[in-house]
Amino acid sequence: MEIIHLNNKQPDPCSTETKPSVFTAGFFDGMHVGHQKVINEAKKMADKKGLPLACITFFPHPKEILKNSNEQFQYINPIAEKQIALEKLGVDKLYIVEFNYEFASLTPKQFVQDYLLVLGAEYVVAGFDFTYGRRGQGNMERMREDADQKLEAIKVERVERNGEKVSSTLLREMICSGNIEKVHDYLDQHYEVEGEILFDHFDTVVDVKDHYLIPCSGLYDVSVSTGREEWQQRVIVDQERMKIILSRDSPRSIKHSTKISIKWLKQVSTEFVLELAQSV
Ligand SMILES: Cc1cc2nc3c(=O)[nH]c(=O)nc-3n(C[C@H](O)[C@H](O)[C@H](O)COP(=O)(O)O)c2cc1C
Ligand SMILES: Nc1ncnc2c1ncn2[C@@H]1O[C@H](COP(=O)(O)OP(=O)(O)OP(=O)(O)O)[C@@H](O)[C@H]1O
């Protein structure tokens, strides 16, 4: 998959690089079953029309730029994870637009004309609630008109679980509240984070990479993988000290700096006693 960063410059209408394509659009944090449906539908359309599949996404998240509080925006996954997931789902070309005030102030029509059409979009497949342009005023109903009928806008119906829309916002709430068992149904896989082992006094601690979300403090059953070995064990999450502590009886292959991934299986308790960390 080719990755193109569009930072502070609009795509060049004279570029010979752009090909007629099927596009999909959105932020796609967490790549939940709603996102997967959108990209699968876009891929089907691309195959049917014999066109490449492109995706236009943004970074940072619009809410991080346009927020009016100092509270830090929490991502479910870093952008590298999103890239891997998009490639697996069949995206050929990924445009990452830097989301800043200037970009946010484009009118819906400017975005469609100066980005989507210039980049070669002939079909745009996005979710029923995809919005674009200043104050998020553009939507799938008006996209064809914004394009002067030069593209087709295909809306993907709402994907639900338990009667509610599957969304990144809902997933963030579930992960943060430790409701980790339920997450599988929304991601179609366990929530997974990557990190590195650090030996800190008596504790075996996981230093989780930036832009992952960590569940609330408590005891959890997880599956740990080094890539070569995978095993299940119990961990303590101590949000106050920003630590995930593994028991000492983890396999010997774990050394300081070993890179691991953790799949969150279930919350065992919201209570834990730090002194018991070694005996978890
Ligand atoms: C050109 C452009 C301008 C935007 N301007 C705003 C804005 O002024 N206010 C806002 O809340 N969101 C704005 N957005 C964000 C969109 O409403 C939406 O969140 C974003 O396109 C991601 O879509 P998704 O949330 O459906 O994934 C803008 C998006 C685009 C593409
Ligand atoms: N449940 C869903 N069903 C169908 N399409 C969806 C669903 N959730 C998101 N989409 C679509 O996926 C793309 C990316 O959406 P976005 O990143 O805003 O997801 P979200 O889960 O709604 O996020 P947030 O909760 O942060 O608003 C958009 O085209 C959006 O319309």
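Residues numbered from 1 in each chain as written. Chains lettered and ligands numbered in written order. Predicted model: local features only at pLDDT ≥ 70, side-chain atom pairs only at ≥ 80, totals over all residues. Heavy atoms only, no water.

Digging into helix 8 (residues 180-187)
At step 1: Every buried residue of helix 8 is listed here: Ile180, Val183, Tyr186 and Leu187. When helix 8 is viewed along its axis, its buried side chains cluster within an angular range of 85 degrees and face the same direction.
At step 2: Once helix 8 ends, the next one or two residues include Asp188, with phi positive near 65 degrees. (Buried < 20%, exposed > 50% of the residue type's maximum accessible area, 1.4 Å probe, protein only. Helix = DSSP H or I, 4+ residues; strand = E, 2+ residues; numbered from the N terminus. Arc of directions from axis to C-beta.)

Overview of the domain arrangement of the protein
At step 1: According to the domain assignment, the protein contains domain 1 (2-158) and domain 2 (191-279).
At step 2: A C-alpha centroid distance of 35 Å is found between domain 1 and domain 2.
At step 3: Residue-level contacts link seven residues of domain 1 with seven residues of domain 2.
At step 4: Looking only at domain 1, the three residues that lose the most surface to domain 2 are Tyr75, Ile76 and Pro78, adding up to 61% of its buried area.
At step 5: At the junction of domain 1 and domain 2, the tally comes to zero salt bridges.
At step 6: Seen at the junction of domain 1 and domain 2, the total is three residue pairs in polar contact (both at pLDDT 80 or more).
At step 7: Per-class residue counts for the side of domain 1 that touches domain 2 are four nonpolar, two polar and one charged. (Domains from an automatic or database assignment. Contact = heavy atoms within 4.5 Å. Buried area = accessible area lost by both parts, 1.4 Å probe. Salt bridge = Lys/Arg side-chain N within 4 Å of Asp/Glu carboxyl O. Polar contact = N/O pair within 3.5 Å; in protein donor to acceptor, adjacent residues only side chain to side chain. Nonpolar A, V, L, I, M, F, W, Y, C, P; charged D, E, K, R; others polar.)

Looking at the environment of Leu198
At step 1: Position of Leu198 among the secondary structure elements: in strand 11 (residues 191-200).
At step 2: Filtering out sequence-adjacent residues up to four positions away, Leu198 remains in contact with Asp203, Thr204, Val205, Asp207 and His256.

Looking at the pattern of salt bridges
At step 1: Scanning the entire structure with this criterion turns up 14 salt bridges.
At step 2: A salt bridge links Lys259 to Glu196; the shortest N-O distance between them is 3.4 Å. Taken together, the residues Lys259 in strand 16 (residues 259-269) and Glu196 in strand 11 connect sequence positions 63 residues apart.
At step 3: Exposure remark for Lys259: the relative accessible area of 54% places this residue in the exposed category.
At step 4: Judged by its relative accessible area of 25%, Glu196 falls in the partly exposed class.
At step 5: In this structure, Asp221 engages Arg234 in a salt bridge whose closest nitrogen and oxygen atoms are separated by 2.9 Å. Residue Asp221 is found in strand 13 (residues 218-225), and its partner Arg234 is found in strand 14 (residues 230-238); the two are separated by 13 residues along the sequence.
At step 6: With a relative accessible area of 16%, Asp221 lands in the buried category.
At step 7: Owing to a relative accessible area of 35%, Arg234 belongs among the partly exposed residues under this scheme.

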